[in-house]
Amino acid sequence: MTYGQHVRWGIFTYFLAFIPITIWISYSQNWSAIRLWDRWWEMVLCFILCIIGSMMPDLDIKSKSKTVVYSLLIPIDLVLILFMYYRAAAIIGFFALIPNVLKHRGMLHSPVAAFLIPAPLLIIPIFLTGKVDYKQIGVSYYAAMVLGYLSHLITDRKE
Ligand SMILES: [Zn+2]
């Protein structure tokens, strides 16, 4: 599958995931319609994460997906360095190196990776807020990226 096809499947996957994700967000906002409306940016972020997820498996090959994901990671890492979050910057840098030594359609193209790689989206909010509040631990972001990632694995298999 080409980059464009993976992204299109990623977008399609988000449209399937939109209703369950919206239900989760309104649940986390105690079913308040006004507060759900206030969380529009969470749905936009989920959309972006779903598409990024659909690109991630092809980091193990020279691909347009890799160029796009690294083009996002480099400024994020730079900002972390400039604001002296060296530990976070180092962790991102470390994990960004790994795909370069993996075999194409190896580890990154496994369902385990689909659930493991987006895990920081669940864990980072715990570090930021210092508490485990399951309504606030980034479930929607995690789900969006996992689903995007899985859409890549499923569509690769159909070739
Ligand atoms: Zn692939």
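Residues numbered from 1 in each chain as written. Predicted model: local features only at pLDDT ≥ 70, side-chain atom pairs only at ≥ 80, totals over all residues.

Visitor: Explain the overall build of the chain to me, please; I cannot follow it from the model alone.
Guide: A tally of regular secondary structure across the chain gives eight helices and zero strands. When the helices and strands of the chain are read in sequence order from the N terminus, they spell out α-α-α-α-α-α-α-α. Taken against the 2.2 N^0.38 rule, which gives 15 Å for 159 residues, the C-alpha radius of gyration of the chain at 16 Å falls within 12% of a compact globule. Dimensions of the chain along its principal axes, counting C-alpha atoms only, are 45 × 40 × 25 Å. The proportion of buried residues among the 159 residues of the chain is 26%. In the chain, the proportion of contacts linking residues at least 24 apart, taken out of those at least 6 apart, comes to 70%. (Helix = DSSP H or I, 4+ residues; strand = E, 2+ residues; numbered from the N terminus. Rg over C-alpha atoms; globule rule 2.2 N^0.38 Å. Buried ≥ 20, exposed ≤ 12 C-beta atoms within 10 Å, placed from the backbone. Contact = placed C-beta atoms within 7 Å.)

Visitor: Help me understand the packing of helix α1 (residues 3-28) against helix α8 (residues 139-157), please; the structure alone is not making it clear to me.
Guide: Between α1 and α8, the shortest axis-to-axis distance is 9 Å and the interhelical angle comes to 145°. The handedness of the crossing between α1 and α8 comes out as right-handed. Residues Gln 5, His 6, Trp 9, Gly 10, Thr 13, Tyr 14, Ala 17, Ile 21, Trp 24 and Ile 25 of α1 pack against Val 139, Ser 140, Ala 143, Ala 144, Leu 147, Gly 148, Ser 151, His 152 and Thr 155 of α8. By residue class, the composition of the contact of α1 with α8 is 10 nonpolar, nine polar and no charged. (Axes fitted to C-alpha atoms, helices over the stretch in contact; angles between N-to-C directions. Left-handed = near helix turned anticlockwise from the far one by under 90°. Nonpolar A, V, L, I, M, F, W, Y, C, P; charged D, E, K, R; others polar.)

Visitor: Got a minute to help me understand helix α4 (residues 64-82) in this structure?
Guide: An α-helical turn contains 3.6 residues, so a residue and the one three or four places further along point in the same direction. Helix length check: α4 (19 residues) gives 27 Å between terminal C-alpha atoms against 27 Å at 1.5 Å per residue, within 8%. Backbone geometry just after α4 places Met 84 at a positive phi near 65°. (Expected span 1.5 Å × (residues − 1).)

Visitor: It is not clear to me how unusual backbone geometry should be interpreted in this structure. Could you clarify?
Guide: Peptide bonds are trans in most cases, and residues, glycine excluded, mostly fall at negative phi. In this structure, Met 84 is a non-glycine residue whose phi angle is positive, near 65°. Mapped onto the elements of the fold, Met 84 is located in the loop between α4 and α5 (86-97). In this structure, Arg 105 takes a positive phi of about 60° despite not being glycine. Position of Arg 105 relative to the elements: it lies in the loop between α5 and α6 (111-116).

Visitor: Hey, could you run me through the environment of Leu 78 in this one?
Guide: Inspection of the secondary structure puts Leu 78 in helix α4. Residue classification places Leu 78 among the exposed residues on the basis of 11 C-beta atoms within 10 Å. Here the alpha-carbon distance between Leu 78 and Ala 89, two residues 11 residues apart in the chain, equals 7.7 Å.

Visitor: I tried to follow the nonpolar core on my own but got confused; where do I start?
Guide: Across soluble globular proteins, you tend to see nonpolar side chains buried next to one another. Judged by nonpolar contacts, the single largest core of 23 residues is most densely connected at Cys 50, Ala 144 and Met 145. Counting only elements with at least two residues in this core, the list comes to α1, α3 (40-55) and α8. The contact partners of Ala 144, leaving out residues within four places of it in the chain, are Tyr 14, Ala 17, Ile 21, Cys 46, Leu 49, Cys 50 and Gly 53. (Core = buried A, V, L, I, M, F, W, Y, C linked by C-beta atoms within 7 Å.)

Visitor: Would you take a moment to explain the packing of α1 against α3 for this structure?
Guide: Helix-helix packing is characterised by the crossing angle of the two axes and by the distance between the axes. The N-to-C vectors of α1 and α3 enclose an angle of 140°; their axes lie 9 Å apart at closest approach. On the basis of the axis angle, α1 is oblique to α3. Here the hand of the crossing between α1 and α3 comes out right-handed. Taken together, the residues of α3 that come into contact with α1 (itself represented by His 6, Val 7, Trp 9, Gly 10, Ile 11, Thr 13, Tyr 14, Ala 17, Ile 21, Thr 22 and Ile 25) are Glu 42, Met 43, Cys 46, Phe 47, Cys 50, Ile 51, Gly 53, Ser 54 and Met 55. (Parallel < 35°, antiparallel > 145°, perpendicular 65-115°, else oblique.)

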